[in-house]
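Listed below are the residues making up each chain.
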Amino acid sequence: NLPPTNVNYQLPNPPTFANPRTSVHGLLTAMSLDISDKVGKTFDKQVPMLKDNGSNWREWSARIRVSAILVAGLPLLTGPPAANNNDQSFLSTAMFGAICAKLPSVVFNKVMTHTFVHETMAVLKADYDVQTNIGQSVTMRDLFSKSCTKDLEVDKHLDSMLEIRAKLAEAGMTVTDE
């Protein structure tokens, strides 16, 4: 009861899709490219390069948060993407790439082994929050310990105090005239 040997059995051709987005793989690829493009453009416009010494850490991290809000990725700064959520996984990967693109090489080398955005941000925060707070304390001490030694150099003294005040203002600290 074997089938005849002269009969050709043909398998049906798999369906072809004119639009690659209509296949599951094509749709997922298109979604990831759309997300990557949106994240890349947003972070590129909003976030400056982090300086090697971290002196612009406060502004940099604030702009990272704003950019994450704009791309609906704020929760990814503090935790991993939800399990089985392709959108969040794509977004997390795109945000990681965008953040790494805003890091100087010496800083990038510290975080390149991490794969999640929240891990990367935790490492940076641990390094730069401490440095920033110490730097601000030193700057505040400098401001309040300044004294004018020569009557003829009052203008220079006031200018240097204004520079220190501006430096503290850039870091988000307020110094009143009192």
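What counts and how
Residues numbered from 1 in each chain as written. Predicted model: local features only at pLDDT ≥ 70, side-chain atom pairs only at ≥ 80, totals over all residues. Heavy atoms only, no water. Core = buried A, V, L, I, M, F, W, Y, C linked by side-chain atoms within 4.5 Å. Buried < 20%, exposed > 50% of the residue type's maximum accessible area, 1.4 Å probe, protein only. Helix = DSSP H or I, 4+ residues; strand = E, 2+ residues; numbered from the N terminus. Contact = heavy atoms within 4.5 Å. 1 Å grid on protein atoms, 1.4 Å probe; cavity = no way out; pocket = protein on both sides within 12 Å on 5 of 7 lines; lining within 4 Å. Points joined across faces, edges and corners; volume = space filled by probe spheres on them. Nonpolar A, V, L, I, M, F, W, Y, C, P; charged D, E, K, R; others polar. pLDDT = per-residue confidence, 0-100. Expected span 1.5 Å × (residues − 1). Arc of directions from axis to C-beta. Salt bridge = Lys/Arg side-chain N within 4 Å of Asp/Glu carboxyl O. Polar contact = N/O pair within 3.5 Å; in protein donor to acceptor, adjacent residues only side chain to side chain.

Description of the nonpolar core
Item 1. Residues Val39, Phe43, Trp60, Met95, Met121 and Leu124 are the most contacted members of the largest nonpolar core, which totals 26 residues.
Item 2. Among the elements of the structure, α1 (24-46), α2 (57-70), α3 (86-100), α4 (105-111) and α5 (117-145) are those that each provide at least two residues to this core.
Item 3. Of all the elements, α3 adds the most residues to this core, at seven residues.
Item 4. With sequence-adjacent residues up to four places away left out, Met95 is seen in contact with Val39, Phe43, Ala68, Val71, Gly73, Leu76, Leu77 and Val117.

Looking at the layout of surface pockets
Item 1. By volume, the second largest pocket is sized at about 230 Å³.
Item 2. Those elements that place two or more of their residues in the lining of the second largest pocket are α2 and α5.
Item 3. In the lining of the second largest pocket, the residues fall into five nonpolar, two polar and four charged.

Describing the confidence of the model for the protein
Item 1. Across the protein, pLDDT averages 76, with 61% of residues at or above 70.
Item 2. The element-level mean pLDDT for the protein is lowest in α5, coming to 69, with α2 highest at 93.
Item 3. Taken as a whole, residues 20-25 scores under 50 in pLDDT and shows eight contacts with residues more than four places along the chain or in a different chain.

Digging into α2
Item 1. With 14 residues, α2 extends 20 Å from end C-alpha to end C-alpha; this agrees with the ideal 20 Å at 1.5 Å per step.
Item 2. Along α2, the residues classified as buried are Trp57, Trp60, Ser61, Ile64, Ser67 and Ala68. Viewed end-on, α2 has its buried residues packed into an arc of 120 degrees, placing them on one side of the element.
Item 3. Where α2 terminates, the next one or two residues include Ala72, which has phi positive at roughly 60 degrees.

Structural notes on the pattern of salt bridges
Item 1. All told, the structure shown has four salt bridges when counted by the stated rule.
Item 2. Close ionic contact of Arg63 with Glu59 constitutes a salt bridge, the shortest N to O distance being 2.8 Å. Taken together, the positions of Arg63 and Glu59, both in helix α2 and four residues apart, correspond to about one turn of that helix.
Item 3. Given a relative accessible area of 34%, Arg63 falls into the partly exposed group.
Item 4. Judged by its relative accessible area of 38%, Glu59 falls in the partly exposed class.

Regarding α3
Item 1. Look at α3: 21 Å from first C-alpha to last across 15 residues, which is about the 21 Å you get at 1.5 Å a residue.
Item 2. When α3 is considered as a whole, its buried residues turn out to be Leu91, Ser92, Ala94, Met95, Phe96, Ala98, Ile99 and Cys100.
Item 3. Looking at where α3 begins, the residue whose side-chain oxygen comes 3.2 Å from the main-chain nitrogen of Asp87 is Asn85.

Let's talk about the environment of Ala98
Item 1. Here Ala98 shows up in helix α3.
Item 2. The exposure class of Ala98 is buried, given its relative accessible area of 11%.
Item 3. For the pair Ala98 and Val47, spaced 51 residues apart in sequence, the C-alpha to C-alpha distance is 9.3 Å.
Item 4. Ala98 has contacts with Val39 and Phe43, leaving out every residue within four places of it along the chain.

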